[in-house]
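Here is what each chain is made of, one letter per residue.
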Amino acid sequence: MRNPRISTLGNRLGLALAGTVLTGAALGGIAPVTASASPAGQVTAAQRVSQQEAGPLTYGLDVSNYQPAYDWSTSSAQFGIIKATEGTTFRDRSFARHWRELDKKGIVRGAYHFGHPGNDPIAEAEHFLSVVDAQPARRGDLLVLDLEATDDRSVEQVNAWAKAWLAHVKARTGVTPMFYSGLNFAETYGAGLEQYPLWVAAYGREKGAVTPPAGWKAWTIHQYSDSPIDQNVSALSPDQLRALGRRSA
């Protein structure tokens, strides 16, 4: 979810986004791709075979106001995740339209917030929830924190900020939010976040060919390309993705 307004993170800090620890119940019995000794987040051939045996990858997209007119009706995506908010005031002007279109299509949908550790994490979390909760909810809706910026804060401060935002959203909604970031960023700032499903950006890699960073044992979504739009695959089926979202409308 490249933010054109923060180009220094550009290069997405070597952007690569992946990973998550999920219990056997959450995975519905599917064996996740687990981490092993392989360089630079790459996956061994044996791991790819293991992943393929677990089932086919689920294809999905994420969009924001930079794709305001994206036609979901003709899309082959099985899940879609949309930017809702950023910071403490920004509201994505196309969020409501995308939300309605995904409801019509009936695929798994989610909303994400682009975080700024220079702000109060609770204020940002409340801003996100106010925008998302203003739209009709559906069972299985996913909630996501997109963290790519440091705002010149230390590793410890960014990590604490992420923990506070994620814990607050979980306490308020009962949903364990997903954590999105690049491989390098998650490795540096993601200590102790492994309870949150990981959506990892890693471009130029074969779909699903990433190992999780930091303490994560498996990834949930791999964002493998941003051309011509952000493209993703999940190791989970649509129903398993829904199990990570809202319990009821």
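Notes on the structure in this doc start here.

What counts, and where the lines are drawn
- Residues numbered from 1 in each chain as written.
- Predicted model: local features only at pLDDT ≥ 70, side-chain atom pairs only at ≥ 80, totals over all residues.
- Heavy atoms only, no water.
- Helix = DSSP H or I, 4+ residues; strand = E, 2+ residues; numbered from the N terminus.
- Expected span 1.5 Å × (residues − 1).
- Buried < 20%, exposed > 50% of the residue type's maximum accessible area, 1.4 Å probe, protein only.
- Contact = heavy atoms within 4.5 Å.
- Polar contact = N/O pair within 3.5 Å; in protein donor to acceptor, adjacent residues only side chain to side chain.
- Phe/Tyr/Trp six-rings, centres within 6.5 Å; stacked < 30°, edge-to-face > 60°.
- Core = buried A, V, L, I, M, F, W, Y, C linked by side-chain atoms within 4.5 Å.
- Arc of directions from axis to C-beta.

## What about helix α4 (residues 121-132)?
Because an α-helix packs 3.6 residues into every turn, residues spaced three or four apart end up facing the same way.
Right, so step 1: Taking 1.5 Å per residue as the helical rise, α4 with its 12 residues ought to reach 16 Å, and the 17 Å between its terminal C-alpha atoms agrees with that figure.
Right, so step 2: Within α4, the full set of buried residues consists of Pro121, Glu124, Ala125, His127, Phe128, Leu129, Val131 and Val132.
Right, so step 3: Lining the buried residues of α4 we find β3 (79-86), β4 (90-91), α3 (95-105), β5 (108-114), β6 (142-146) and α5 (155-173).
Right, so step 4: Capping of α4 at its N-terminal end is provided by aspartate 120; its side-chain oxygen lies 3.1 Å from the backbone amide nitrogen of isoleucine 122.

## Things to note about the environment of alanine 111
Right, so step 1: Topologically, alanine 111 is positioned in strand β5.
Right, so step 2: Overall, alanine 111 belongs to the buried group, its relative accessible area being 0%.
Right, so step 3: Linking alanine 111 and valine 144, residues 33 residues apart in sequence, is a C-alpha distance of 6.1 Å.
Right, so step 4: Those residues in contact with alanine 111 that lie beyond four places of it in its chain are Ile81, Ile82, Ala84, Phe95, Trp99, Phe128, Val132, Leu142, Leu143 and Val144.

## Comments concerning the packing of aromatic side chains
Here a ring pair, both rings aromatic, is described through the centre-centre distance and the interplanar angle of the planes.
Right, so step 1: All told, the structure shown has 6 aromatic pairs when counted by the stated rule.
Right, so step 2: Consider the rings of phenylalanine 128 and tryptophan 165, whose centres lie 5.5 Å apart with planes at 40°: the pair is tilted. Within this pair, whereas phenylalanine 128 is found in helix α4, its partner tryptophan 165 is found in helix α5, the two being separated by 37 residues in sequence. You'll find phenylalanine 128 and tryptophan 165 in the same group, each marked buried.
Right, so step 3: Considering the side-chain rings of tyrosine 180 and tryptophan 199, the 4.9 Å spacing of their centres and the 80° angle between planes classify their relative orientation as edge-to-face.

## Examining the nonpolar core
Right, so step 1: Counting residues in each nonpolar core, the largest one holds 43 residues, and the members touching the most others are Phe95, Phe128, Leu145, Leu147, Trp165 and Phe179.
Right, so step 2: Elements represented by at least two residues in this core include exactly β2 (58-63), β3, α3, α4, β6, α5, α6 (183-189) and β8 (198-201).
Right, so step 3: Broken down by element, the residue count for this core peaks at 6 residues, all from α5.
Right, so step 4: Apart from residues no more than four positions distant in its own chain, phenylalanine 95 is found in contact with Ile82, Lys83, Ala84, Ala111, Val131, Val132 and Gln135.

## A short note on α3
Right, so step 1: Residues Phe95, His98, Trp99, Glu101 and Leu102 constitute the buried set of α3. Considered in projection along α3, the buried side chains sweep an arc of 165° and stay on one side of the axis.
Right, so step 2: Directly after α3, the chain includes glycine 106, whose backbone phi takes a positive value near 80°.

From the geometry alone we can't say anything about function, so treat these as descriptive.
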